[in-house]
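Understanding the architecture of this molecule
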Amino acid sequence: MKDDLQALLDPQPFDYEALMQCVTALSKRHSFLEFNYLGNSILGRGIPLLRLGNGKRKVLYVGTHHGMEWITSLVLMRFVKDLCECYQNHGSFYKNASELFLQTHTLYIVPMLNPDGVEYQIHGICDSNPLHDRLLTMNNGNEDFSKWQANARGVDLNHNYDAGFEEYKRLESENGITGGCATRFSGEAPESEPEVASMCNFIRFHTDLCGILTLHTQGKEIFYKSGGIAPTRSTTIAKKIATVSGYRLSEAEGLASYGGLTDWCVQKRGLASFTLECGKGTNPLPLSEYFPIYTDLRKLLFTFPTFL
Ligand SMILES: [Zn+2]
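So, about the nonpolar core. Residues Tyr61, Ile241 and Phe304 are the most contacted members of the largest nonpolar core, which totals 59 residues. Top contributing element to this core by residue count: helix α3 (residues 71–88), with 10 residues. Not counting residues within four places of it along the chain, the set of residues in contact with Tyr61 comprises Leu76, Phe79, Leu107, Tyr108, Ile109, Val110, Leu213, Leu300, Leu301, Phe304 and Pro305. Of all hydrophobic cores here, the second largest spans 22 residues; its members include Leu157, Phe202, Trp264 and Cys265.

See below:
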């Protein structure tokens with residue numbers, strides 16, 4: 001019989017409750033897995049922050065900026081479970097002894113930055129939601145929220161970072177986006193959203209971070225430049241990521257080129273930062289993409305810290 005943890009990580013819609021059960025079960029089972037909160041979402045959900053290892057080389061993995069992309073939280077939790085089990089059993093992976101790996105590296109993982117958006121996407125909005133009527137208007141009167149990408153009040157978190165915000169505002173209005181909606185509204189000001197502010201504060205505080213991987217869906221692509229530029233060493237690392245994952249290197253265009261976490265890390269922090277567009281298909285990706293994505297990215301997730 002499968003244990004509870006395994007059952008939680010089966011292919012199924014991964015809402016906030018499933019995430020929290022999974023995080024709780026894993027941290028109970030493995031005392032070396034540290035569980036904290038990055039901050040809170042608009043609707044007060046704690047955003048889990050996990051840490052593994054105590055080494056000097058520190059990396060951060062981030063999943064689910066967008067409501068439709070919770071499959072990336074499943075992938076990250078699956079990875080955390082596999083790494084925890086490997087370490088617990090004094091095992092090795094891809095020629096790395098897990099004990100030495102976690103002595104020399106620290107992994108921070110934020111599996112679901114946008115829990116409110118995920119809840120809307122999977123369950124819709126309930127009558128008790130304090131923003132209920134405003135949200136219906138933002139969603140063009142439609143009660144179907146299955147295409148919702150933004151946070152609880154219609155801000156697209158991956159356009160709320162302080163990177164080309166003014167330019168983006170201009171493009172936004174040219175594209176008819178004038179306020180909160182399902183996707184691509186950047187908010188009133190950079191870091192206006194608590195989810196993004198918490199992420200930025202974490203990165204500002206952890207000045208010794210040396211690399212960031214952010215998972216989105218879809219396209220099997222890797223983005224690492226912002227406005228055509230990237231930290232010098234990023235190109236070499238991006239090529240390694242491409243080799244290990246089979247994904248191709250790309251450059252963002254139009255609305256996609258402003259205000260993202262990778263843009264901010266590259267422009268304002270000079271950090272080697274990479275956006276992976278996982279899997280292939282139409283968002284939200286079907287659950288049948290879960291194992292193929294994990295198969296493509298497993299080696300990368302385990303070995304990325306050693307590239308830096
Ligand atoms: Zn996304």
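All of the protein donors around the zinc ion are His66 (ND1), Glu69 (OE), Glu69 (OE) and His216 (ND1); their distances to the metal are 2.0 to 2.5 Å. Considering all 4 donor atoms around the zinc ion, the spread of angles at the metal, 55 to 145°, places the coordination shape in the irregular class. For the zinc ion, all donor residues lie on one chain, and their spacing in sequence is H-x2-E-x146-H. Of this pair, His66 sits in the loop between β3 (57–63) and α3 while His216 sits in strand β7 (residues 209–217), placing them 150 residues apart in sequence. Of the two residues examined, His66 and His216, each falls in the buried class.

This part takes up unusual backbone geometry. Cis geometry marks the peptide bond from Thr217 to Gln218; its omega dihedral reads 5°. Tracing the backbone through its elements, the reader meets Gln218 in the loop between β7 and β8 (221–223). With an omega of -5°, the peptide bond between Asn283 and Pro284 qualifies as cis. Within the secondary structure layout, Pro284 lies in the loop between β10 (273–278) and α11 (290–307). Not every positive phi belongs to a glycine, and Lys95 is a case in point at roughly 70°. As for its position among the elements, Lys95 is in the loop between β4 (92–93) and β5 (96–97). Phi angles above zero are rare outside glycine, and Arg184 is one such case at about 80°. Here Arg184 shows up in the loop between α7 (165–174) and α8 (194–205).

Glancing now at the packing of aromatic side chains. Applying the stated rule across the entire model yields 19 aromatic pairs. Both rings, one in Tyr61 and one in Phe304, keep their centres 6.1 Å apart while their planes meet at 55°; by these two values the pair is tilted. Taken as a pair, Tyr61 in strand β3 and Phe304 in helix α11 lie far apart in primary sequence, 243 residues in all. Summarising the burial analysis for this pair, Tyr61 and Phe304 share the class buried. Where Tyr168 meets Tyr258, the ring centres are 6.4 Å apart and the plane angle is 55°; that geometry is what we call tilted. Highlighted residues: Tyr168 in helix α7 and Tyr258 in the loop between β9 (248–250) and α10 (261–269), separated in sequence by 90 residues. Three or more aromatic residues joined by ring pairs make a cluster, and in this case those are Tyr61, Phe79, Phe93, Tyr94, Phe101, Tyr224, Phe274, Phe302, Phe304 and Phe307.

Procedures and definitions
- Residues numbered from 1 in each chain as written.
- Predicted model: local features only at pLDDT ≥ 70, side-chain atom pairs only at ≥ 80, totals over all residues.
- Heavy atoms only, no water.
- Core = buried A, V, L, I, M, F, W, Y, C linked by side-chain atoms within 4.5 Å.
- Buried < 20%, exposed > 50% of the residue type's maximum accessible area, 1.4 Å probe, protein only.
- Helix = DSSP H or I, 4+ residues; strand = E, 2+ residues; numbered from the N terminus.
- Contact = heavy atoms within 4.5 Å.
- Donors = N, O, S within 2.8 Å, 3.2 Å for Na, K, Ca; no water.
- Tetrahedral: all angles 85-135°; square planar, octahedral: opposite > 155°, others 65-115°.
- Phe/Tyr/Trp six-rings, centres within 6.5 Å; stacked < 30°, edge-to-face > 60°.

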